[in-house]
Amino acid sequence: MEHRSVMRVRHRNRLSVGISAALVAAIVGHFGAGDVLAQPLDTPGELRNGSFESGISLGLFQTLPPGSGAVDGWTVTRGGVDYIGTLLQAADRARCIDLHSNGPAGGMQQAIATDVGSIYRIDFAMAGNPECGGLDRIKRLRVRASQLLSSEYTFDTTGRSQQNMGWELRSFIFQASAPATTIEIYSTTPPNFCGPTIDAASATLCLGPGVGPASIAVGLGSRATFHVEPAGIGPFEYQWRFNGLSIAIASNPTAMTQTLVVPIVTSEDIGAYSCFIRNSCGGVVSPAANLTVCAADVDGAPGLSVDDVFHYLNAWFAGRQSADVDGVPGLSTQDIFVYLNLFFAGC
């Protein structure tokens, strides 16, 4: 009797908001991700109020129409939702969302700040409202990031009850293509009063290029190093590239490490270096760093110092061809002046 009483109360409350919900739905339309945007946050990858605890006052539940912002940080989409208070067991603390309201399938969305090219993971708890018994006991929903669709997620409500929901963790991974990405979680279950339920949503930066590598200018015959510090969840795998092509480990033993070392720079090593970084979420490519020749760096050590001047003068007095830097065949005092200009100009 108590279960039927709750059902009647819920049905009566839904009918009371039916006209206003239908009116708002007619105005707002059948929204999808990107149509109604919550304000993006400043911190990349941060999802606000993922457990839906912050919002309007609740008893058993409250039906929310499309376009509603009654749940802080979120916008209701599509056919509306039920904002659940004490009616159902939540996965985290006291509240959750039933993605169905007066029958039509609804959704919830939020815009988050993202770094272009980085990979993010959306985690959330999924269950299903078991009130309707055997009617569509398999609940279905989708998650999308802007226009990128995920696979469909399902939950079987068999054997579940209002206070034993059987929440399960689901994850969705996407690569950001814009500085702000709208995350929408919406039902694909056929219309009825009992939809899929969601709670405890969060966003995590799973993989980003992070910091590095840095461009460097060295002298021919010197040593050059490139280093990356990826962002996200390790462990990471690395594959360095030269001018867009993978460097074989047979030609450089450090090609699949975090730090690439070019032990003796030759003219053939001049170009762009980048690193393909991979983890369990996927792969990203770091920005390219340029290796250029610094004509004044002649002592074989990175950077310029007075030792480079002494090395050059020793080469000039020894009559070595490497000291001819003025573009005119043969050594002269002009070569010394040209070298000193290069040295003081820096690399």
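Attention in this report is confined to the structure presented alongside it. Everything numeric here is computed off the predicted structure, so don't read it as measured data.

**Quick look at the packing of aromatic side chains**
- If you walk through the whole model with that rule in mind, you get 11 aromatic pairs.
- Of the aromatic side chains, those joined through ring pairs into one cluster are Phe226, Trp240, Phe242 and Tyr273.
- Directly above the aromatic system of Tyr186 lies the positively charged group of Arg78, at a separation of 3.8 Å from the ring centroid.

**Let's talk about the packing of helix α2 (residues 306-317) against helix α3 (residues 333-345)**
- Two elements in contact, α2 and α3, have axes whose closest approach is 11 Å; the angle formed by their N-to-C orientations is 165°. On the basis of their axis angle, the class for α2 and α3 is roughly antiparallel. The two elements α2 and α3 cross, and the hand of that crossing is right-handed. Taken together, the residues of α3 that come into contact with α2 (itself represented by Val306, Asp308, Val309, Tyr312, Leu313 and Trp316) are Thr333, Asp335, Ile336, Tyr339, Leu340 and Phe343.
- Here the contact of α2 with α3 is built from residues that sort into nine nonpolar, one polar and two charged.

**Considering the environment of Asp92**
- Mapped onto the elements, Asp92 comes out in the loop between β3 (81-84) and β4 (96-98).
- Sequence separation between Asp92 and Ala201 is 109 residues, and the spatial gap between their C-alpha atoms is 9.7 Å.
- Setting aside chain neighbours within four positions, we find Asp92 in contact with Ser51, Glu53, Asp199 and Ala200.
- At 2.5 Å, the side chain of Asp92 forms a polar contact with the side chain of Ser51.

**So, the nonpolar core**
- Among the nonpolar cores identified, the biggest contains 40 residues, and Ile97, Met108, Phe124, Leu141 and Phe174 are the most heavily contacted of them.
- Top element by residues in this core is strand β6 (residues 119-128). It accounts for six residues.
- Contacts of Phe124, omitting those with residues within four sequence positions, involve Leu141, Val143, Tyr153, Glu168, Leu169, Arg170, Ile185, Ile198, Asp199, Ala200 and Ala201.
- Membership of the second largest hydrophobic core comes to 21 residues, among which are Cys206, Val228, Trp240 and Leu291.

**Thoughts on α2**
- With 12 residues, α2 should reach 16 Å at 1.5 Å per residue; the first-to-last C-alpha distance of 17 Å fits that figure.
- Of the residues making up α2, those classed as buried are Asp308, Val309, Tyr312, Ala315 and Trp316. Viewed end-on, α2 has its buried residues packed into an arc of 130°, placing them on one side of the element. Pointing more than 90 degrees away from the buried face of α2 are the exposed residues Asn314 and Phe317.
- Where α2 is buried, its residues contact α3.

**Notes on the state of the cysteines**
- Taken as a whole and assessed by the stated rule, the structure comprises two disulfides.
- Disulfide partner of Cys132: Cys194, at an S-S distance of 1.9 Å. Across the S-S bond of Cys132 and Cys194 the torsion is about 75°, and the bridge reads as right-handed. Residue Cys132 is located in the loop between β6 and β7 (138-145), and its partner Cys194 is located in the loop between β11 (180-187) and β12 (196-211); the two are separated by 62 residues in the primary sequence. When sorted by exposure, Cys132 lands in the same class as Cys194, which is buried.
- Paired by a disulfide, Cys206 and Cys281 hold their sulfur atoms 1.5 Å apart. One disulfide, between Cys206 and Cys281, carries an S-S torsion of 40° and so falls in the right-handed class. Note that Cys206 is positioned in strand β12 and Cys281 in the loop between β19 (271-279) and β20 (282-285), a separation of 75 residues in sequence.
- With relative accessibility at 0%, the residue Cys206 sits in the buried group.
- Since its relative accessible area comes to 13%, Cys281 is described here as buried.

About the criteria used
What you see as residue numbers is a count from 1 along each chain, following the sequence as written. Where totals are concerned, whole chains, interfaces and linings use all residues; where local detail is concerned, this predicted model gives features only for residues with pLDDT of at least 70, and gives and counts side-chain atom pairs only at 80 or more. Derived side-chain values reflect all non-hydrogen atoms in the structure, with water molecules and hydrogen atoms excluded from consideration. Each Phe, Tyr or Trp ring (for Trp, its six-membered ring) is paired with any other whose centre lies within 6.5 Å, and the angle between the two planes then decides the class: stacked below 30 degrees, edge-to-face above 60, tilted in between. In this scheme, the term charge over a ring applies when either NZ of a lysine or CZ of an arginine sits within 6 Å of the ring centre and within 35 degrees of the ring normal. The convention used is that axes are lines fitted to C-alpha atoms, helices contributing only their stretch in contact, and that angles between N-to-C directions extend from 0 to 180 degrees. Strands are runs of DSSP state E lasting at least two residues, helices are runs of H or I lasting at least four, and both sets are numbered from the N terminus onward. Each angle receives one of four descriptions, namely roughly parallel if under 35 degrees, roughly antiparallel if over 145, roughly perpendicular if within 65 to 115, and oblique otherwise. Crossings are sorted by hand: turned counterclockwise from the far helix by less than a right angle, the near helix makes the crossing left-handed, and turned clockwise it makes it right-handed. Contact definition: two residues touch when any of their heavy atoms are within 4.5 Å. Charged residues are taken to be Asp, Glu, Lys and Arg, nonpolar residues to be Ala, Val, Leu, Ile, Met, Phe, Trp, Tyr, Cys and Pro, and polar residues to be all remaining types, Gly included. In protein, a polar contact requires one atom able to donate a hydrogen and another able to accept it; more generally it is a pair of N or O atoms within 3.5 Å, and residues adjacent in sequence count only if both atoms are side-chain atoms. The criterion is simple. A nonpolar core is a set of buried Ala, Val, Leu, Ile, Met, Phe, Trp, Tyr and Cys residues joined through side-chain atoms within 4.5 Å. For every residue, the accessible area obtained with a 1.4 Å probe (protein chains only) is divided by the maximum for its type, and the residue is called buried under 20%, exposed over 50%, and partly exposed between those limits. Each residue after the first adds 1.5 Å to the expected span of a helix. Throughout, the arc means that of the directions going from the helix axis to the C-beta atoms. Disulfides are defined in this document as cysteine sulfur pairs within 2.5 Å.

Honestly, that's just the spatial picture; any functional story needs more than this.
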